[in-house]
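Results of the structural survey
Chain residues, written in single-letter form:
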Amino acid sequence: HAAAGGLKMNLALVDPFRNELPPEAVEEALDMGAGTTCAFNRWGTLLAVGCHDGRVVVWDFDAHTVPAKVLAAHTHTVTSVSWSCDGRKLASSSADCSVCVWDVLSGDVDARLRFESAAWFVQMHPRLPNVLIACAMYDTLVLLTLAKQDDGTWTYTKTPLPVSPPPNAVVSPPPVSGGASPPLPPPPLSPSPPPLPKRLKPAANSLAASFDHTGEHIFVGTCRGVLLLVETATTRVVKTIRVQHVGGTSVVAIKAIEMSRCGKWMLLNCSDRTIRYYEIPATFLRVYEDPVNHVPWTKCCFSPNGEYIIAGSAQKSQNNIYVWDRTGRFIKILEGPKEGVLDIEWHPSRSNIVSCSTSGPVYIWGSNYTENWSAFAPGFKELEENEEYFEREDEFDILDEVCTNFTLL
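I will try to describe carefully the structure that is included in this document. Not measured: the values here are computed from a predicted model.

**Comments concerning the sheet that holds strand β24 (residues 320–325)**
As a general point, the strands of a sheet are linked pairwise by backbone hydrogen bonds and lie either parallel or antiparallel. With antiparallel pairing, four strands are arranged side by side in an open sheet as β22-β23-β24-β25. Looking at which strands have only one partner, the edges of the open sheet turn out to be β22 (297–302) and β25 (330–335). Taken pair by pair, the neighbouring strands of this sheet meet at an average axis angle of 20°, ignoring direction. Of the pairings in the sheet, the one linking β24 to β25 comprises five bridges and is antiparallel in character. Counterpart to Asn320 in the pairing with β25 is Glu335.

**Quick word on the pairing of strand β19 (residues 265–270)**
With six of six residues buried, β19 is to be regarded as a mostly interior element. Side chains Trp265, Leu267 and Asn269 project from β19 onto one buried face, and the interleaved Met266, Leu268 and Cys270 project onto a second face that is buried too. Pairing of strand β18 (residues 254–259) with β19 involves five bridges; the strand directions are antiparallel. What sits directly across from Ile257, in β19, is Leu268. Counting the residues in the hairpin turn of β18 and β19 gives five residues, including Gly263, whose phi is positive at 80°.

**A few points about the sheet that holds strand β13 (residues 154–160)**
Read from one edge to the other, the open sheet built from four strands follows the order β10-β11-β12-β13, with strand pairing classed as antiparallel. Each edge of the open sheet is held by one strand with a lone partner, namely β10 (119–124) and β13. On average, each strand axis in the sheet is inclined to that of its neighbour by 25°, with strand direction left out of account. Sheet analysis places strand β11 (residues 131–136) next to strand β12 (residues 142–148), joined by four bridges and oriented antiparallel. Looking across to β12, one finds that Ile133 is bridged to Leu143.

**Structural notes on the environment of Arg114**
With respect to the secondary-structure elements, Arg114 resides in strand β9 (residues 109–114). Sequence separation of Arg114 and Cys100 is 14 residues, and the distance between their C-alpha atoms is 9.0 Å. The residues touching Arg114, leaving out its near neighbours within four places in the chain, are Asp96, Cys97, Ser98 and Tyr156.

**So, the packing of aromatic side chains**
If you walk through the whole model with that rule in mind, you get 11 aromatic pairs. Plain terms: the ring middles of Tyr278 and Phe284 are 5.5 Å apart, the flat faces sit at 70° to each other, and that makes the pair edge-to-face. Assigned by exposure class, Tyr278 and Phe284 land together as buried. Judged by centre distance (6.2 Å) and plane angle (55°), the ring pair of Tyr322 and Phe330 falls under tilted.

**Side note on a negative patch on the surface**
Residues Glu382, Glu384, Glu385 and Glu387 make up a contiguous surface patch of negative charge. Considering the arrangement of structural elements, one finds Glu385 in the loop between β28 (362–366) and α2 (401–408). Here Glu385 falls in the exposed class, since its relative accessible area comes to 61%.

**Some remarks on the pattern of salt bridges**
All told, the structure shown has nine salt bridges when counted by the stated rule. A salt bridge links Arg276 to Asp272; the shortest N-O distance between them is 2.9 Å. One salt bridge in this structure joins Asp343 and Lys299, with 3.1 Å as the shortest N-O distance. Of this pair, Asp343 sits in strand β26 (residues 341–346) while Lys299 is found in strand β22, placing the two residues 44 residues apart along the sequence. The pair Asp343 / Lys299 is uniform in exposure class, with both members buried.

Rules behind the numbers
- Residues numbered from 1 in each chain as written.
- Predicted model: local features only at pLDDT ≥ 70, side-chain atom pairs only at ≥ 80, totals over all residues.
- Heavy atoms only, no water.
- Pairing = 2+ DSSP bridges.
- Helix = DSSP H or I, 4+ residues; strand = E, 2+ residues; numbered from the N terminus.
- Axes fitted to C-alpha atoms, helices over the stretch in contact; angles between N-to-C directions.
- Buried < 20%, exposed > 50% of the residue type's maximum accessible area, 1.4 Å probe, protein only.
- Contact = heavy atoms within 4.5 Å.
- Phe/Tyr/Trp six-rings, centres within 6.5 Å; stacked < 30°, edge-to-face > 60°.
- Patch = residues over 30% accessible without salt bridge, like charges linked within 9 Å, V, L, I, M, F, W, Y side chains within 5 Å.
- Areas by Shrake-Rupley, 256 points an atom, 1.4 Å probe, with all protein chains shown as cover.
- Salt bridge = Lys/Arg side-chain N within 4 Å of Asp/Glu carboxyl O.
- Lys, Arg positive; Asp, Glu negative; His and termini not counted.
- Charge placed at Lys NZ, Arg CZ, Asp CG, Glu CD.

What is shown is where atoms sit, not what they do.
So, in structure tokens, the structure goes:
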């Protein structure tokens, strides 16, 4: 509550119109280990950065000179981090085949889940602080529910989530809005490949997953271009959608799913180097891409109000962030240092973007604010440099005509 109160007080001092615009340049760099992934808490007061050496560094975003907390439980690269809705817990996945749920205040690990391969994704429920989804490289997608025992220890129940359409499901293309081009016929699903050894078997074609803004449903994307809408309470597939194909009939894998804060729109980062924009539940609107260089994307996300979409380029030698508006119009490219982008995150309420680079530093992007002197007197003039001023002899003399006249009488 104290963090929320401080945030409201700070927001009262911020220009709301400028706060909706994209940032312009790198303002500062956080350098404490090689950052690989990042996430803001619900209010934007704390920033969690997962590092290459297995640490999770929590920064106070308003005074980011010294880390507020350093969490060290992983032995390999942290692949993703996610905050709980109340900001008291933090989940992290790592290449050491584990997912940890932390108590941020104490720095203790409440629960640790082991996988048979590198864990690459974790996400907390948007409304329940003890529920999350996680997935490893060669394991299935699971729903985890934590429970605190009488002795103070935490236990969890693991429920596998469906990662393929039901046998009799009809996989249909999504409805298309009026401004979008009609979809091409969906390609037939290719036959299943021959079985692999147990430790090499892919995770049932599952690549991406995300809660909706209420947490009642989970969107699951597969490498065969199928989007599943799963009911969280029953883990039942309620809808199956074929991803819109652009410029061909080949299968498009879904690499990541990003939701807007308002819960109305969704972005799919796909393997054909495009970002597909949907209206929830599954109305296809448009495609974002670089038509000249055809660069792939490492991460994409919405602005706080959902009016802008940003995406980090996957080019190793360019720290470029592309910016579009919601109507599909390209705005600009934010050009940073000559290094690649691993992850990007937009602040929940400010015009700041945080990006993790391949060389280690975490960059904070912001806007160049200009002073507004319109509140001063009309004759006020801003000086570019110091000037020598000569005072008149009677310039600051105080003369009260009423008192003077009374004295003369």
